Amino acid sequence: MRAVDDNGGLLMTPRRHVLAELGPHNHAVATLKARLLSEAVQSCLEDENWQCGLYQGEQCKILRPTPFEIWEPLIHTGTASYQDNKGCLLAIDNKVMTEGLGNLATIVVGDQQTFDRMVKLRRNMPMMHRHITPFNGGVHFAVHFLHAAWRLYHGPLLSFFADRLQMKYLKEDWTPKSWSYYDDFVMIMVTAIVRWIARLPDLGHADDINRLLTESEENADTQMLLHFLYDVGLPYVGLRQLLRQASSREMREESLLYYNMCMHMCRPAHVNKFHYAILCVHSTWFYRNTIPSLRNVWDEMSTVSLRGIPGRNIPIDHLIEKVNKASKMMLRGIITAQRLRELVPSLNVLLPAETEYMQMTGAHDEGAKCFSGKQGLKAGPLAYGYRSAI
């Protein structure tokens, strides 16, 4: 960033409070949930084969992929401790300020652990890290949004259907490495519940959650299904779709509503995700208090397009994970300073070449399906199975 507001720093003065925005009765959050339900039910009524989570828009390359540059590692350390994170931030700051003379700020994106360390380093040593503005990565946020929802509903709801579908590998607790399995299952669950509701006979208000809850108040199982769908299922699908969009101010503003939902999901003791509740507050605070000229950069660059296909963007931290995975595959366990220096920057050529090859060989057509492909299960049988389960 080479221009800065007349503010004396990268954060607004006076600071903006975000407590009201994160309150449990945020009207914008209720409006978003109602819209997600209405759109899902309407789409299902229009298409009997409707599935949630499909890529949206025409799946063809009509845009220019986002340009990016991969550097060799600046420092050979992890990001678990505050000292390691401090070293990483100083190395980043030194390279950016040395090679990009005139730059005034650097946005650094990380997962929860890295983001938390950066926030506290920025707060405790404001002059040392005055050029750094931390933001939370979108794909890690989506993983933990689902993780919190899973812990909330595993016992009372999800474990029953996982057993009925013989998905014994779905456990109450899991790590981000297993995310795709749980993402698949929740997509199936949401699709099935929406199909079931939309096809109930003589029901003309399938998109009105209040009437649905009132009319089913004597049926605890139906109440549980409706709360899962409305409070976490459809919001998770909505978040996944939002992160596939080209980054914009409107997209970033809407994302804050999901931070509100996630914060409240993470607070119960049995969910045990207090650190992520804190992250939701910090993420909202930094977005609201970053000066406009710097926030505008994040608004336009929080997601990237590797293939130039609308509706298939990925968050910055997802790109970082792809780079990490590709680097490990090339290094094959033989990690030396020389190999890191020579091999990692070659991904600037290899990753774009890989995406062009996938485009040329028609791999983009395979993404039309909703799920990752690990299970061949369809949502239809599950939707009709609700009648016998409730």
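Keep in mind it's a predicted model, so treat the numbers as computed, not measured.

## Observations concerning the packing of helix α3 (residues 112-124) against helix α9 (residues 274-289)
Look at α3 against α9: their axes get within 10 Å of each other, and the N-to-C directions meet at 55°. It follows from the interaxial angle that α3 and α9 lie oblique. Here α3 runs over α9; the crossing is left-handed. Every residue of α9 that contacts α3 at Q112, F115, V119 and R122 is listed here: H275, Y276, L279, H282, S283 and F286. Of the residues that constitute the contact of α3 with α9, the class distribution is five nonpolar, four polar and one charged.

## Comments concerning the packing of aromatic side chains
For the coordinates displayed, the defined rule picks out 13 aromatic pairs. Relative to Y182, the ring of W150 has its centre 4.8 Å away and its plane inclined at 90°; by these criteria the two rings are edge-to-face. Remark: Y182 occurs in helix α5 (residues 179-198) and W150 occurs in helix α4 (residues 138-164); sequence separation between them is 32 residues. On the basis of relative accessible area, W150 is assigned to the buried category, the value being 0%. Note on Y182: relative accessible area 3%, which makes it buried. Arranged with centres 5.6 Å apart and planes meeting at 75°, the rings of W150 and F185 form a pair that is edge-to-face. Taken together, the residues span a long stretch of sequence, with W150 in helix α4 and F185 in helix α5 at a distance of 35 residues. Taken together, the aromatic side chains of F141, F145, Y236, Y258 and Y259 make up a single cluster linked through ring pairs. The ring of Y82 carries R117 above its face, with NZ or CZ at 4.9 Å from the centroid.

Procedures and definitions
Residues numbered from 1 in each chain as written. Predicted model: local features only at pLDDT ≥ 70, side-chain atom pairs only at ≥ 80, totals over all residues. Heavy atoms only, no water. Axes fitted to C-alpha atoms, helices over the stretch in contact; angles between N-to-C directions. Helix = DSSP H or I, 4+ residues; strand = E, 2+ residues; numbered from the N terminus. Parallel < 35°, antiparallel > 145°, perpendicular 65-115°, else oblique. Left-handed = near helix turned anticlockwise from the far one by under 90°. Contact = heavy atoms within 4.5 Å. Nonpolar A, V, L, I, M, F, W, Y, C, P; charged D, E, K, R; others polar. Phe/Tyr/Trp six-rings, centres within 6.5 Å; stacked < 30°, edge-to-face > 60°. Buried < 20%, exposed > 50% of the residue type's maximum accessible area, 1.4 Å probe, protein only. Lys NZ or Arg CZ within 6 Å of the ring centre and 35° of its normal.

So far we have only geometry, and geometry alone does not tell us how the molecule works.
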